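# An overview of the molecular structure
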Amino acid sequence: RQYHFVGLEKSWTEAQSYCRENYTDLAVIENREDNEQLLQTVRNPVQYTGWIGLYRDQWSWQWSMGNIHLYNQNESNFTNWATGQPENNGGKENCGIMASRGLWHDYPCSCSFHFICYQDSGDPAKRYFLINATANFTAAQRYCREHHTDLASARNRSENEEVRLTAQGNYVWIGLFMEPWKWSSPSYSAFYNWDQNQPDNAGGNENCAALALTGSTRGRWSDTDCAQRFPFFCFSEGRDSAGSYFVIETNKNFTAAQRYCQEHHTDLASVRNRSENEEIRRTARGNYVWIGLFVEHWKWSSPSNPAFRNWTDSVPDNVAGNEDCASLLMTGSSAEYWNDTRLRSEAALLLLPR
């Protein structure tokens, strides 16, 4: 996996679309090493924060006893929510209780209730147990897993009624919970690097995660309004032996573009044949872009010296004696051909990754 920092400021959704179009997806972080590798892609950040691929799915309810083989057809989809539930009041109601009438309500997992444990004993008469002590959801789940099988699931209406009768009129934890944070690209990572008191869902609309780029909280995550505009991190998975091209939509002069590519990837793109030239043209998506060609009897930036050239008519012409670098033309009758350009002109850049 390779990470890419994109300095363009976009909303989380726009950043996700950009990453999916140009790389694989917004960055997935599965451990501390990934988190540090991500930070190493940033040079002199202008913004304080950058998007990563973590977002809040507010309706992803599941059972603590999650083994799908325990459920008959459609049982894992059974629900018995009270009217208006779940409501996720304040953005923090991530665990489920059963009320006295057998209806479900979402509550903060930190609340304390009695709870129902399930025992997978094979004896239908001895499978649900009311625990008269009160505990928060996590402690209740831990107790049930240590002393029985798990917190109770209600897989169908019959089981829901059985749990209700076992509860004896108490409000009780059942094994229903919401794991709200998911990655844009499928990942089973349980790693989080939240800053202190995060996520807090201030205002009830902070549904996307961003990573601090500077300061004492550098590398820590916070939840943020998805409409905010930040730079962001993408990732790409592998590549074939021929390599891949990426357009970086940040304007730089040739020297800065070359340095960026050599630091973050392999080098500015070389063009060895007409097929590669066409691939680069498509990657550029209409931008004027630097390629790795510069004058010294015209050599390639990376250790390569293919004989292929694709100059437009009367070029290179070295107007004013200072057009020492090559760019790919994208519009007009000369589109797909090369032009010699001043070293300090600015254009988007193409690069070949490691």
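- As annotated in an unreviewed UniProt entry, the protein carries the name MRC2 protein and is attributed to Atractosteus spatula.

## A short note on helix α4 (residues 157-167)
- Of the residues making up α4, those classed as buried are Glu 159, Asn 160, Val 163, Thr 166 and Ala 167. Angular distribution of buried residues about the axis of α4 spans 125°; they occupy a single face of the element. Those residues of α4 that are exposed and angled more than 90 degrees off the buried face are Arg 157, Ser 158 and Leu 165.
- Buried positions along α4 lie against β5 (95-98), β6 (104-107), β7 (113-118), β8 (128-135) and β10 (172-178).
- Measuring from the backbone nitrogen of Ser 158 back to the side-chain oxygen at the start of α4 gives 3.2 Å, which picks out Asn 156 as the cap.
- Within two residues after α4, Gln 168 carries a phi angle of roughly 55°, on the positive side.

## Notes on the nonpolar core
- Ranked by internal contacts, the top residues of the largest apolar core, which has 20 residues, are Ile 29, Leu 38, Ile 52, Leu 54, Leu 211, Trp 221 and Phe 233.
- Contributions of two or more residues to this core are made by β1 (2-10), α2 (32-40), β3 (49-56), β11 (181-183), β12 (208-212) and β14 (230-236).

## Side note on the side chain of Asn 193
- As for its placement among the helices and strands, Asn 193 is situated in the loop between β11 and β12.
- The buried category is assigned to Asn 193, whose relative accessible area is 5%.
- Among the polar contacts made by the side chain of Asn 193, one reaches the side chain of Arg 32 at a distance of 3.1 Å.
- The residues contacting Asn 193, other than those within four sequence positions of it, are Arg 32, Asn 35, Gly 219, Arg 220 and Trp 221.

## Some points on the packing of aromatic side chains
- This structure, assessed with the given rule, holds 22 aromatic pairs.
- Note on Tyr 23 and Phe 246: the rings are 4.8 Å apart at their centroids and 15° apart in plane angle, and the pair reads as stacked. Here Tyr 23 is found in the loop between α1 (12-22) and β2 (25-26), whereas its partner Phe 246 is found in strand β15 (residues 246-252), with 223 residues between them in sequence.
- The buried category is assigned to Phe 246, whose relative accessible area is 9%.
- With a centroid separation of 5.8 Å and 55° between ring planes, the pair formed by Tyr 118 and Tyr 128 is classed as tilted. You can see Tyr 118 sitting in strand β7 and its partner Tyr 128 sitting in strand β8, a full 10 residues away along the chain. Take Tyr 118 and Tyr 128: they sit in the same class, and that class is buried.

## Digging into the pattern of salt bridges
- Enumeration over the complete set of coordinates arrives at 10 salt bridges.
- The salt bridge involving Glu 14 is made with Arg 229; its shortest N-O contact spans 2.9 Å. Of the two residues, Glu 14 sits in helix α1 while Arg 229 sits in the loop between β13 (221-224) and β14, which places them 215 residues apart along the sequence.
- Judged by relative accessible area, which is 36%, Glu 14 ranks as partly exposed.
- Given a relative accessible area of 41%, Arg 229 falls into the partly exposed group.
- Note that Glu 159 is salt-bridged to Arg 155, the shortest N-O span being 2.6 Å.
- Relative accessible area serves as the criterion here: at 5%, Glu 159 is assigned to the buried category.

What counts, and where the lines are drawn
Residues numbered from 1 in each chain as written. Predicted model: local features only at pLDDT ≥ 70, side-chain atom pairs only at ≥ 80, totals over all residues. Heavy atoms only, no water. Buried < 20%, exposed > 50% of the residue type's maximum accessible area, 1.4 Å probe, protein only. Helix = DSSP H or I, 4+ residues; strand = E, 2+ residues; numbered from the N terminus. Arc of directions from axis to C-beta. Contact = heavy atoms within 4.5 Å. Polar contact = N/O pair within 3.5 Å; in protein donor to acceptor, adjacent residues only side chain to side chain. Core = buried A, V, L, I, M, F, W, Y, C linked by side-chain atoms within 4.5 Å. Phe/Tyr/Trp six-rings, centres within 6.5 Å; stacked < 30°, edge-to-face > 60°. Salt bridge = Lys/Arg side-chain N within 4 Å of Asp/Glu carboxyl O.

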